[in-house]
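Per-entry structural report
Here are the chains, one letter per residue:
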Amino acid sequence: MCVRWVFTVASLTTSDSAIDVTQTLSALQADTFFGLAVGLAVFGLAAGAVIVRTGVLSRKLGWLSIVAGVLWVTPGEFVAIFLTLIFVAVSSVALYRRGGTPRRAVEPAPASA
């Protein structure tokens with residue numbers, strides 16, 4: 001939301017304000033995307049790893065999140081936007097439909113000594 005606001009203000013100030021204001025807002029808009037991409041990459045990788053490892057949700061959903069997390073830091077970030085939206089929507093519906101009854105996670109096998 002904040003990134004979109006800075007982008008909109010930067011595009012609207014090109015005709016009626018000093019060049020310094022437009023240049024500053026443009027630099028802010030360009031610098032905020034990297035932090036957003038890294039943050040969403042960490043989110044996708046962490047959520048996917050937890051889902052694949054524990055089986056709390058569908059493992060396919062976990063792999064979808066991992067793929068989206070990797071794509072956030074590659075040139076395929078445009079695809080990552082849609083994969084992240086799909087992941088959030090599907091996992092939200094799955095958690096809502098589950099309704100308060102937690103599903104037991106798959107317990108890892110005990111390590112042999």
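Check the entry above for the structure.
Let me sum up the structure you'll find in this document. These figures come from a predicted structure and were not determined experimentally.

Section: the overall build of the protein
- When its secondary structure is counted, the protein shows four helices and zero strands.
- Reading the protein from its N end, one meets helices and strands in the order α-α-α-α.
- Counting across all 113 residues of the protein, residues that qualify as buried make up 22%.
- Partitioning the intrachain contacts of the protein with sequence separation of at least 6 by distance along the chain shows that 41% fall at a separation of at least 24.
- Of the roughly 8,200 Å² that the protein leaves accessible, carbon and sulfur atoms contribute 72%.

Remarks on the side chain of Ser65
- As for its position among the elements, Ser65 is in helix α3 (residues 59-71).
- Excluding residues that lie within four positions of it along the chain, Ser65 makes contacts with Phe43, Gly44, Leu45, Ala47, Gly48 and Phe87.

Describing the packing of aromatic side chains
- All chains considered together, the criterion is met by two aromatic pairs.
- Where Phe43 meets Phe87, the ring centres are 6.0 Å apart and the plane angle is 65 degrees; that geometry is what we call edge-to-face. One end of the pair, Phe43, is in helix α2 (residues 19-54); the other, Phe87, is in helix α4 (residues 77-98), with 44 residues separating them in the sequence.
- Take Phe87: its relative accessible area is 6%, and that puts it in the buried class.

A few points about the side chain of Thr84
- Along the chain, Thr84 falls in helix α4.
- Those residues within four positions of Thr84 in sequence are excluded, and the remaining contacts are Ala68 and Trp72.

Examining the packing of α3 against α4
- The interhelical angle for the contact between α3 and α4, taken along N-to-C directions, is 150 degrees, at an axis separation of 8 Å. Our classification of the angle between α3 and α4 gives roughly antiparallel. In the crossing of α3 with α4, the sense of the turn from one axis to the other is left-handed. Here α3 contributes Leu61, Leu64, Ser65, Val67, Ala68 and Leu71 to the contact with α4, which in turn contributes Glu77, Val79, Ala80, Leu83, Thr84, Ile86, Phe87, Val90 and Ser91.
- Among the residues forming the contact of α3 with α4, the class breakdown is 11 nonpolar, three polar and one charged.

Quick word on the nonpolar core
- Counting residues in each nonpolar core, the largest one holds five residues, listed as Ala47, Ile51, Leu57, Leu61 and Phe87.
- Sequence-distant contacts of Phe87, that is, excluding residues within four places in its chain, are made with Phe43, Ala47, Ile51, Leu61, Leu64 and Ser65.

Some remarks on α3
- Counted at 1.5 Å a residue, the expected span for α3 with its 13 residues is 18 Å, and the 18 Å between its end C-alpha atoms agrees.
- Among all positions of α3, only Leu61, Gly62, Ser65, Ile66, Ala68 and Gly69 are buried. One side of α3 holds all its buried residues, which, seen down the axis, span an arc of 165 degrees.

Conventions and cut-offs
- Every chain is numbered independently, its residues counted from 1 as its sequence is written.
- With the structure being a predicted model, the display of local features is reserved for residues of pLDDT at least 70 and the display and counting of side-chain atom pairs for 80 or more, all residues being used for whole-chain, interface and lining totals.
- Side-chain metrics rest on all non-hydrogen atoms present in the structure, leaving aside hydrogens and water.
- Under the scheme used here, helices are H or I runs from DSSP no shorter than 4 residues and strands are E runs no shorter than 2 residues, and both carry numbers assigned from the N terminus.
- To sort residues, take the accessible area from a 1.4 Å probe on protein chains only and compare it with the maximum for the residue type: under 20% means buried, over 50% means exposed, and anything in between is partly exposed.
- We call two residues in contact when some of their heavy atoms are within 4.5 Å.
- Reported accessibility uses the Shrake-Rupley method at a 1.4 Å probe radius. Residues are deemed covered only where the shown protein chains occlude them.
- Note on ring pairs: Phe, Tyr and Trp rings are taken, using the six-membered ring of Trp, and paired if centres are within 6.5 Å. Classes follow the plane angle, with under 30 degrees stacked, over 60 edge-to-face and the rest tilted.
- Note on geometry: axes are lines fitted to C-alpha atoms, helical ones only across the stretch in contact, with angles between N-to-C directions running from 0 to 180 degrees.
- Should an angle fall under 35 degrees it is taken as roughly parallel, and over 145 as roughly antiparallel, whereas 65 to 115 is taken as roughly perpendicular and any remaining angle as oblique.
- Should the near helix be turned counterclockwise from the far one by less than a right angle, the crossing is left-handed, whereas a clockwise turn marks it as right-handed.
- Under the scheme applied, nonpolar residues are Ala, Val, Leu, Ile, Met, Phe, Trp, Tyr, Cys and Pro; charged residues are Asp, Glu, Lys and Arg; polar residues are all the others, including Gly.
- Nonpolar cores were defined as sets of buried Ala, Val, Leu, Ile, Met, Phe, Trp, Tyr and Cys residues, with membership established by side-chain atoms within 4.5 Å.
- A helix is expected to span 1.5 Å for every residue after the first.
- In this description, one arc is meant: the one made by directions from the helix axis to the C-beta atoms.

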